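Chain residues, written in single-letter form:
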Number of protein chains: 4
Amino acid sequence: MLIRLGYDIELEISQQMAVVAVLNIHPSRIADLVEPDEIQISQPVPRDEFFDSFGNKCTRLLAQPGPLRLWSSTLIEDSGEPDAVDWKAPQIPVHKLPHDTLRFLLASRYCEVDRLSTLAWQMFGNTASGWPTVQAICDWVQGHIAFDYNCAHPSKSALDVYTERKGVCRDFQHLAITLCRALHIPARYATGYLGDIGFPPAGPMDFSAWFEVYLGNRWWTFDARNNTPRIGRVLMATGRDAADVAITTSFGTSWLRNFLVVTDEVVAEPLLVRGAA
Amino acid sequence: MLIRLGYDIELEISQQMAVVAVLNIHPSRIADLVEPDEIQISQPVPRDEFFDSFGNKCTRLLAQPGPLRLWSSTLIEDSGEPDAVDWKAPQIPVHKLPHDTLRFLLASRYCEVDRLSTLAWQMFGNTASGWPTVQAICDWVQGHIAFDYNCAHPSKSALDVYTERKGVCRDFQHLAITLCRALHIPARYATGYLGDIGFPPAGPMDFSAWFEVYLGNRWWTFDARNNTPRIGRVLMATGRDAADVAITTSFGTSWLRNFLVVTDEVVAEPLLVRGAA
Amino acid sequence: MLIRLGYDIELEISQQMAVVAVLNIHPSRIADLVEPDEIQISQPVPRDEFFDSFGNKCTRLLAQPGPLRLWSSTLIEDSGEPDAVDWKAPQIPVHKLPHDTLRFLLASRYCEVDRLSTLAWQMFGNTASGWPTVQAICDWVQGHIAFDYNCAHPSKSALDVYTERKGVCRDFQHLAITLCRALHIPARYATGYLGDIGFPPAGPMDFSAWFEVYLGNRWWTFDARNNTPRIGRVLMATGRDAADVAITTSFGTSWLRNFLVVTDEVVAEPLLVRGAA
Amino acid sequence: MLIRLGYDIELEISQQMAVVAVLNIHPSRIADLVEPDEIQISQPVPRDEFFDSFGNKCTRLLAQPGPLRLWSSTLIEDSGEPDAVDWKAPQIPVHKLPHDTLRFLLASRYCEVDRLSTLAWQMFGNTASGWPTVQAICDWVQGHIAFDYNCAHPSKSALDVYTERKGVCRDFQHLAITLCRALHIPARYATGYLGDIGFPPAGPMDFSAWFEVYLGNRWWTFDARNNTPRIGRVLMATGRDAADVAITTSFGTSWLRNFLVVTDEVVAEPLLVRGAA
């Protein structure tokens, strides 16, 4: 399956400032690219590309006052398979976990593991370990948190979500991540493209958040908001929580003027035409 | 100057569980060791040593129910110089900072940069950038937060410290770190040994917390609690905040039964005797 | 001076539920009424009028599903004098305060006196007691909190305002009230009409919030948002904080469909005409 | 049944300050007194007795620097009956509740009804209204919150208790009160004496907290910590939450030096002997 990916973001920059963007697909998906994945930048400034400590590709630039437009369009080959499911994937005891998964057991900005630990054990301490626990957490989160765009807040943490019971995509994931970590299952935040493939269109596109847990010998995708295997996720970045993988971080005052995301299955795009382009 | 370092920690372990300890000196200080730096473990269990994503040396073990004692004693050569001071060390603009310092600008569990940013700029936005800003932050924190052992709380964040105005060592540092980051100065949490060298004895020893900021082309030591250059700090670990560098993390219920730390200048210990030992 | 007061509020009621409205002028202003002050109710349901424990006039009704419109128009005689100022009004020591002012020293939902007490003393403990302290608090709040309609949140408390540094009218007052109480000055929340009299028009009208403090032998009006004596305040209700004096409280799910407030000086309305009506 | 009541409290007062004490039994129990109920005060200062807005008897005095001891001993006749239970006591719809119960539906300092409302309806919205709902709330609170003296904190609110899952007596009640109010059942905080009558002795006495709800046509006693009908409660004060009925409130810095409470059934005290004393 081919998926057209793209975005068009416009910021209004108040004064010269650094901007860091996480707007490329994740290195793990580079082999699937059919077209190059390159950020277009409206201002004629140098770009500085690097990988952060989680392995995400980042771009830094020194933005000038005025509008700053970042856009891109690329094409990716996707398996077309839904998120993998394996109820037998076992929970690995902490003393056997790979070293680099251990940091995903700790508390982070939006995931107060320390504060939600007691209730996590009360709620899920008797559930079968591993996949059933993660699924039970997702079921609970999806069943108890209402999606509400009006309740988005940049400082909202898992604890806030748990008590307020309302939130947006990232809030669902933060709560589920926190509960998983409390139960000693490494869990990390993921952000990327997720279209409506196989589902009715759901309004304007946005980047999406989901999360990954480490079971058996690999990371698995879970999504406490949609809570059903989906087709066509294209990962951009992973981190401890949303604080690590903001799409754009402006080191100064800026305003979002325009925001458009595209994630469409390319049903009728003949390869021939692309080849001739 | 020679410094005798050591600790003796006893945990009561309720059931078999993983324990991760950050109880070695930092790799950057290994060349200064006069004696080996090895954790002694009372239980005959295998140990698994590794470096975390910040470069700290960690030890993981599978503790068995009952008492678990961790202790050590080592000797280190120290310059005897107080913490370096350089009022001219310049603040590096975000677009020129080394990539691996950028993560120390972000919000973390105990450092809610997002929530304290506005007030940080109100308070210090007009201070000369770089060293004077960091020093002004330390002065403010030391002047406005009262040290109170009774106000220690494992969930206390910079925001809590800022409003409650009371805390312990780590709380002072969390608040200062958060303010530095808000002002675009990379700041990281540090933990290690700090004795009374050059000061009157201040009661039972404990591990100490301080913080480091990136100015000019290096990390510098600051300490918002003591707020004066000190002699004899021996670094054990750095991280975003205390969540990253807990001395011991037990993945299950445990109790601290005993806790002793030693950090003494070895004034009269003749090298000859050591050599003969 | 004559002031035309009125409002037109429409709620959409999801199911039969009690609604309590605090939509009359305060009993202390009844003698100034030139026209009756009566709530008009679109649904033909009985009303139950009573005074709450603070002496505010409340109306309770059993609303039926569908639209519920509450509206009114009345005319009041006002002194036309700005808020009284008396820098000599002394702070009364707690042991001499009238008994019924003591409850306005305590913590309440949006005024966490317990949590902001230490910093209140740090900030204003050296200011001359009484009026200068209250004025210094208002100056600080007005100078450090930015008005931002987008930052309104029904759960926002004084502590939140203090750290976030943004808020709406009621948030300014909650913070000032909390600081006053911490310094042992009784302070209560006030809500009512406040037009633009003497000022350039400032957009659509809304009900306004201010606060009162007890100094000397009476309550005085302060306003940490506008922070200047104003003409034409008409009090509706006082309480510990906004939790006590919500304009309307629906005991069930409802939506605000329309909201209009009028507070206009009646410049050219000849008394003769009114008399002949 | 006769119950001996008493206390002996010693504060260290740092400087001249007002102290307000709520240390008398509640006016509703005065008719049961066998001996006078009078606060003894170690300092020769005038006392000012009054009733607060909830009807509690309060005593205000101007304490002088140094120790301030407050003590008392009295004897009261008690029915010896356990807390009344009536599963048929109906929940009164909000539009029919007595006016003076409405304030016990609102949010207060330690009872953030606004923030816990959604989850209260999720948890108990399908429980039969009235007594079964209150009992279900108490069962849930008792079953999910662990009693832990080390987790007492003067700023701990219902929201904190709900997430931390640990607390002391007052914390259990604050959470239960908040959930009741969210479900439109008036609930108020109560403090007083509660001995071990009918139970094994449970360590040193303290004043106790419980709560009351309005069902049918009266207030009923519930206790989310003990969660079983008890004998020998002697009410001292009621209010919205602990902020309204602190045993002592010092308007300045003071330290608690001694604290002793007595609540003992007087089994063998012959009236004759008392008469002869």
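Not measured: the values here are computed from a predicted model. (Residues numbered from 1 in each chain as written. Chains lettered and ligands numbered in written order. Predicted model: local features only at pLDDT ≥ 70, side-chain atom pairs only at ≥ 80, totals over all residues. Heavy atoms only, no water.)

Section: the overall build of chain A
Check the secondary structure of chain A and you find five helices and 14 strands. Taking 19 Å as the expected radius of gyration for a compact globule of 277 residues, we find that chain A reaches 19 Å, a close match to that expectation. The principal-axis extent of the C-alpha atoms belonging to chain A is close to 55 × 45 × 35 Å. By residue count, 56% of the 277 residues in chain A fall in the buried class. Here the contacts in chain A between residues at least 6 apart in sequence split such that 76% fall between residues at least 24 apart. A distance of 5 Å separates the average location of the 24 positive side-chain charges in chain A from that of its 32 negative side-chain charges. (Helix = DSSP H or I, 4+ residues; strand = E, 2+ residues; numbered from the N terminus. Rg over C-alpha atoms; globule rule 2.2 N^0.38 Å. Buried < 20%, exposed > 50% of the residue type's maximum accessible area, 1.4 Å probe, protein only. Contact = heavy atoms within 4.5 Å. Lys, Arg positive; Asp, Glu negative; His and termini not counted. Charge placed at Lys NZ, Arg CZ, Asp CG, Glu CD.)

Some words on the sheet that holds strand 6 (residues 66-77) of chain D
Residues and elements named next belong to chain D. Strand order in the open sheet formed by four strands is 3-6-1-14, with antiparallel pairing between adjacent strands. The open sheet is flanked by strand 3 (40-41) and strand 14 (254-265), the only strands paired with a single partner. In terms of strand pairing, strand 1 (residues 2-13) meets strand 6 through 12 bridges, oriented antiparallel. Counterpart to L5 in the pairing with strand 6 is T74. (Pairing = 2+ DSSP bridges.)

Description of the packing of helix 1 (residues 113-124) of chain C against helix 4 (residues 169-182) of chain C
Residues and elements named next belong to chain C. Interhelical geometry of helix 1 versus helix 4 gives an angle of 75° and a closest axis separation of 8 Å. Relative to helix 4, the element helix 1 is oriented roughly perpendicular. Mapping the contact onto sequence places V113, L116, S117, L119, A120, W121 and F124 in helix 1 and L175, T178, L179, R181 and A182 in helix 4. Each residue belonging to the contact of helix 1 with helix 4 can be placed in one class, and the counts come to nine nonpolar, two polar and one charged. (Axes fitted to C-alpha atoms, helices over the stretch in contact; angles between N-to-C directions. Parallel < 35°, antiparallel > 145°, perpendicular 65-115°, else oblique. Nonpolar A, V, L, I, M, F, W, Y, C, P; charged D, E, K, R; others polar.)

Here's the deal with the interface of chain A and chain B
Facing the 32 residues of chain A at the interface are 32 residues of chain B. Between chain A and chain B, roughly 2700 Å² of surface is buried when both sides are summed, and carbon and sulfur atoms account for 60% of that area. Looking only at chain A, the three residues that lose the most surface to chain B are R60, R109 and F251 of chain A, adding up to 24% of its buried area. Counting the contacts that link chain A with chain B gives four salt bridges. Between R109 of chain B and D114 of chain A there is a salt bridge, with its nearest N and O atoms 2.8 Å apart. Summed over the shared surface of chain A and chain B, the number is 15 residue pairs in polar contact (both at pLDDT 80 or more). Elements with a minimum of two residues in the side of chain A that touches chain B: strand 4 (47-51), strand 5 (57-63) and helix 1 (113-124) of chain A. Here the element with the most residues in the side of chain A that touches chain B is strand 4 of chain A; it accounts for three residues. (Buried area = accessible area lost by both parts, 1.4 Å probe. Salt bridge = Lys/Arg side-chain N within 4 Å of Asp/Glu carboxyl O. Polar contact = N/O pair within 3.5 Å; in protein donor to acceptor, adjacent residues only side chain to side chain.)

Considering the relation of the copies chain A and chain B
Mapping chain A onto chain B calls for a rotation angle of 180° and an axial translation of 0.0 Å; the resulting RMSD is 0.0 Å. Seen this way, the second copy is the image of the first under a two-fold rotation axis. Minimal C-alpha distance to the rotation axis in chain A is attained by R109 of chain A, lying at 1.9 Å. By residue overlap, the copies meet face to face through one surface: 100% of the interface positions of chain A are interface positions in chain B. (Least-squares fit on C-alpha atoms with pLDDT ≥ 70 in both.)

Topic: the sheet that holds strand 9 (residues 187-193) of chain A
Residues and elements named next belong to chain A. Ordered in space as 11-10-9-12, the four strands form an open sheet in which the pairing is antiparallel. Single-partner strands in this sheet number two, and they are strand 11 (218-222) and strand 12 (234-239). On average, adjacent strands in this sheet sit at an angle of 35° to one another, irrespective of strand direction. Strand direction decides the pairing type here: strand 10 (residues 208-215) and strand 11, joined by five bridges, are antiparallel. Counted as the bridge partner of F211 is F222 from strand 11.

A short note on the packing of aromatic side chains
Using the criterion set out here, one finds 50 aromatic pairs over all chains in the structure. When the ring of F207 of chain B is compared with that of F259 of chain B, the centres are 5.9 Å apart and the planes differ by 75°; the resulting orientation is edge-to-face. You can see F207 of chain B sitting in the loop between strand 9 (187-193) and strand 10 (208-215) and its partner F259 of chain B sitting in strand 14 (residues 254-265), a full 52 residues away along the chain. Residue class for F207 of chain B comes out buried when judged on its relative accessible area of 10%. Feature note: the residues Y7, Y193, F207 and F259 of chain A constitute an aromatic cluster, connected by ring pairs. The ring centre of W219 of chain B lies 4.0 Å from the NZ or CZ of R188 of chain B, which sits over that ring. Lying over the aromatic face of F147 of chain D, R225 of chain D brings its terminal NZ or CZ to 3.7 Å of the ring centre. (Phe/Tyr/Trp six-rings, centres within 6.5 Å; stacked < 30°, edge-to-face > 60°. Lys NZ or Arg CZ within 6 Å of the ring centre and 35° of its normal.)

Looking at the nonpolar core
One finds F211 of chain B together with F211 of chain C to be the most contacted residues of the largest nonpolar core, which totals 117 residues. V20 of chain A, L105 of chain B together with A89 and L215 of chain D belong to the second largest nonpolar core, which has 116 residues in total. (Core = buried A, V, L, I, M, F, W, Y, C linked by side-chain atoms within 4.5 Å.)

Observations concerning helix 1 of chain A
Residues and elements named next belong to chain A. In this model helix 1 runs just 14 Å from its N-terminal to its C-terminal C-alpha over 12 residues, more than 12% under the 16 Å that 1.5 Å per residue would give. If you check which residues of helix 1 are buried, you get V113, L116, L119, A120 and F124. Axial view of helix 1: buried residues confined to an arc of 135°, hence all on one face. (Expected span 1.5 Å × (residues − 1). Arc of directions from axis to C-beta.)

Brief notes about the pattern of salt bridges
Any two side chains of opposite charge can pair, on the condition that their charged atoms come close. All chains considered together, the criterion is met by 52 salt bridges over all chains. The salt bridge involving D160 of chain B is made with R115 of chain C; its shortest N-O contact spans 3.6 Å. You can see D160 of chain B sitting in helix 3 (residues 158-164) and its partner R115 of chain C sitting in helix 1, one on each of two chains. By relative accessible area, D160 of chain B is classed as partly exposed at 21%. Given the relative accessible area of 26%, R115 of chain C is considered partly exposed. The salt bridge partner of E212 of chain D is R188 of chain D, with a shortest N-O separation of 2.7 Å. Taken together, the residues span a long stretch of sequence, with E212 of chain D in strand 10 (residues 208-215) and R188 of chain D in strand 9 (residues 187-193) at a distance of 24 residues. Salt bridges linked by common partners bring R29, D32 and D78 of chain A together as one network.

Observations regarding unusual backbone geometry
The phi angle at H184 of chain B is positive, at roughly 75°, despite the residue not being glycine. By secondary structure assignment, the location of H184 of chain B is in the loop between helix 4 (169-182) and strand 9.

Here we look at the side chain of T133 of chain A
Within the secondary structure, T133 of chain A sits in helix 2 (residues 131-144). The class of T133 of chain A is buried, set by a relative accessible area of 3%.

Quick notes on helix 2 (residues 131-144) of chain D
Residues and elements named next belong to chain D. An ideal rise of 1.5 Å per residue puts 20 Å on 14 residues; helix 2 measures up with 20 Å between its terminal C-alpha atoms. Those residues of helix 2 lying buried are W131, T133, V134, Q135, I137, C138, W140 and V141. Along its buried surface, helix 2 packs onto helix 1 (113-124), helix 3 (158-164), helix 4 (169-182), strand 10 and strand 11 (218-222).

Overview of the environment of I76 of chain B
Residues and elements named next belong to chain B. In this fold, I76 is placed in strand 6 (residues 66-77). You can call I76 buried: its relative accessible area is 0%. Sequence separation of I76 and L105 is 29 residues, and the distance between their C-alpha atoms is 32 Å.

As for the pairing of strand 4 (residues 47-51) of chain D
Residue and element names in this part refer to chain D. Across five bridges, the pairing between strand 4 and strand 5 (residues 57-63) is antiparallel. The residue bridging E49 from the neighbouring strand is T59, located in strand 5. Turn length for the strand 4-strand 5 hairpin, with the two strands adjacent in sequence and antiparallel, is five residues, and the turn residue G55 shows positive phi of about 90°.

Topic: the environment of L106 of chain D
The topology assignment puts L106 of chain D in the loop between strand 6 and helix 1. In sequence terms L106 of chain D and H184 of chain D are 78 residues apart; their C-alpha atoms lie 9.3 Å from each other. Look past the residues within four positions of L106 of chain D in its chain and what remains in contact with it is A243 and D244 of chain C together with V113 and R181 of chain D.

Re the confidence of the model for chain A
All names here are of chain A. Here chain A averages 94 in pLDDT, and 96% of its residues register 70 or above. Taken as a whole, residues 272-277 scores under 50 in pLDDT and shows five contacts with residues more than four places along the chain or in a different chain. Across the whole predicted complex the pTM is 0.90, and at the interface the ipTM reaches 0.93. (pLDDT = per-residue confidence, 0-100.)

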